[in-house]
Amino acid sequence: MSEVKLAANVRSEFGKGAARAIRRDAKVPGVLYGHGSEPVHVTLPAHELGMALRTPNVLLSLDIDGTNELAIPKAVQRDAIKGFLIHVDLLLVKKGEKVTVEVPVQAEGELAAGGNLLEHVLSTVSVEAEATHLPEALTVSVEGLEAGASVLAGAIALPAGVTLATDADAVVLQVLAAQAEEPAAEAEAEGAEA
């Protein structure tokens, strides 16, 4: 997992008007909290933060007015239509500290022949890992799985130092048999003959 360095500034103005002014300056308002300390209200560069958030569970190294802090994104708010960042909540972490995060599940391989469909019942699973070694994604092989087969959370191979926080019996992926539809023209012809 890579560490992304960002410069942050402490902010003292709050409210809707102040937040809009921050966003006009190509920055994003945010809150940094954790470890029993008082929340710190910060502004972050919008473009750099947006690029960093493309990586799930990215570790952010924040330079807050000369002080370095490590944080992971906990909640990200985006504009529903335009998609720009509105606000971000960041959780303080320390090297060696274990945190619980949601990690995306990716399937690889080809299903058994027969037009089967793969359903992602859970797109993410919760894992506990050291804050500086969070996995970006978990890969599951679905090579040759037949209709009716499923992959449970407990069957997913985890990297060293990572433990599963989701119920081990939870279904993550399942293979469904394709349902054939009759073409509309054939169905109408059969209805006319009857």
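So, a few notes on the structure that sits alongside this text. Everything numeric in this text was worked out from a predicted model, so none of it was measured. (Residues numbered from 1 in each chain as written. Predicted model: local features only at pLDDT ≥ 70, side-chain atom pairs only at ≥ 80, totals over all residues. Heavy atoms only, no water.)

## Remarks on the overall build of the protein
1) Next: When helices and strands are counted, the protein shows three helices and 13 strands.
2) Next: The C-alpha radius of gyration of the protein comes to 23 Å, more than 25% above the 16 Å expected for a compact globule of 194 residues.
3) Next: For the protein, the spread of C-alpha atoms along the three principal axes comes to 80 × 45 × 25 Å.
4) Next: Per-residue burial over the protein gives 33% buried out of 194 residues. (Helix = DSSP H or I, 4+ residues; strand = E, 2+ residues; numbered from the N terminus. Rg over C-alpha atoms; globule rule 2.2 N^0.38 Å. Buried < 20%, exposed > 50% of the residue type's maximum accessible area, 1.4 Å probe, protein only.)

## With respect to the nonpolar core
1) Next: One finds Ile72, Val93, Val99, Val101, Val127 and Val172 to be the most contacted residues of the largest nonpolar core, which totals 24 residues.
2) Next: Put simply, the parts of the chain that give this core at least two residues each are β5 (67-78), β6 (85-93), β7 (98-108), β9 (124-130), β10 (138-141) and β13 (171-176).
3) Next: Element by element, the count of residues in this core is highest for β7, at four residues.
4) Next: Those residues in contact with valine 99, other than ones at most four positions away along the chain, are Ile72, Val93, Val127, Glu128, Ala129, Ala131 and Leu134.
5) Next: Leu6, Leu53, Ile64 and Val88 belong to the second-largest nonpolar core, a separate cluster that totals 18 residues. (Core = buried A, V, L, I, M, F, W, Y, C linked by side-chain atoms within 4.5 Å. Contact = heavy atoms within 4.5 Å.)

## Section: the sheet that holds strand β12 (residues 163-164)
1) Next: Strand order in this open sheet of four strands is β10-β7-β9-β12, and the pairing throughout is mixed. Two strands close off the open sheet at either side, each with one partner strand: β10 and β12.
2) Next: Note: β7 against β10, four bridges, orientation parallel. Bridged to glutamine 106 within β10 is threonine 139. (Pairing = 2+ DSSP bridges.)

## Examining the environment of valine 172
1) Next: Summarising the element assignment, valine 172 is placed in strand β13.
2) Next: A residue is classified by how much of its surface remains accessible, and valine 172, at 0% relative accessible area, is buried.
3) Next: As for valine 172 and valine 151, which are separated by 21 residues in sequence, their C-alpha atoms are 5.8 Å apart.
4) Next: Beyond its immediate chain neighbours, meaning those up to four positions away, valine 172 contacts Val105, Glu119, His120, Val121, Leu122, Val125, Val151, Leu152, Ala153 and Ile156.

## Section: the pairing of strand β3 (residues 37-45)
1) Next: Judged from the two bridges that link them, strand β1 (residues 3-10) and β3 form a sheet pairing that is antiparallel. Residue valine 10 lies in a different strand from β3, and its bridge partner there is valine 42.
2) Next: Strand direction decides the pairing type here: strand β2 (residues 27-34) and β3, joined by seven bridges, are antiparallel. When the bridges of β3 are listed, valine 31 appears paired with histidine 41.
3) Next: Here β2 folds back onto β3, and the loop between the two strands holds two residues, one of which, histidine 35, carries a positive phi near 55°.

## Brief notes about the environment of leucine 164
1) Next: If you trace the backbone, leucine 164 turns up in strand β12.
2) Next: Since its relative accessible area comes to 27%, leucine 164 is described here as partly exposed.
3) Next: Distance from leucine 164 to alanine 129, taken between C-alpha atoms, is 8.9 Å for residues 35 residues apart in sequence.
4) Next: Leucine 164 has contacts with Ser126, Val127, Ala153, Gly154 and Leu158, leaving out every residue within four places of it along the chain.

## As for the sheet that holds strand β11 (residues 150-152)
Pairing between sheet strands relies on hydrogen bonds along the backbone, with the strands arranged either parallel or antiparallel.
1) Next: Overall, antiparallel pairing links the three strands, which are arranged β8-β13-β11 in an open sheet. Looking at strand neighbours, the two that pair on one side only are β8 (117-120) and β11, the edges of this open sheet. Taken pair by pair, the neighbouring strands of this sheet meet at an average axis angle of 15°, ignoring direction.
2) Next: Examined bridge by bridge, β8 and β13 share four bridges and lie antiparallel to one another. (Axes fitted to C-alpha atoms, helices over the stretch in contact; angles between N-to-C directions.)

## Some words on the environment of leucine 118
1) Next: Topologically, leucine 118 is positioned in strand β8.
2) Next: Spatially, the C-alpha atoms of leucine 118 and leucine 176 are 6.3 Å apart, while their sequence positions differ by 58 residues.
3) Next: Not counting the four nearest positions on each side in its chain, leucine 118 is found in contact with Ala107, Leu111, Val142, Leu173, Gln174 and Val175.

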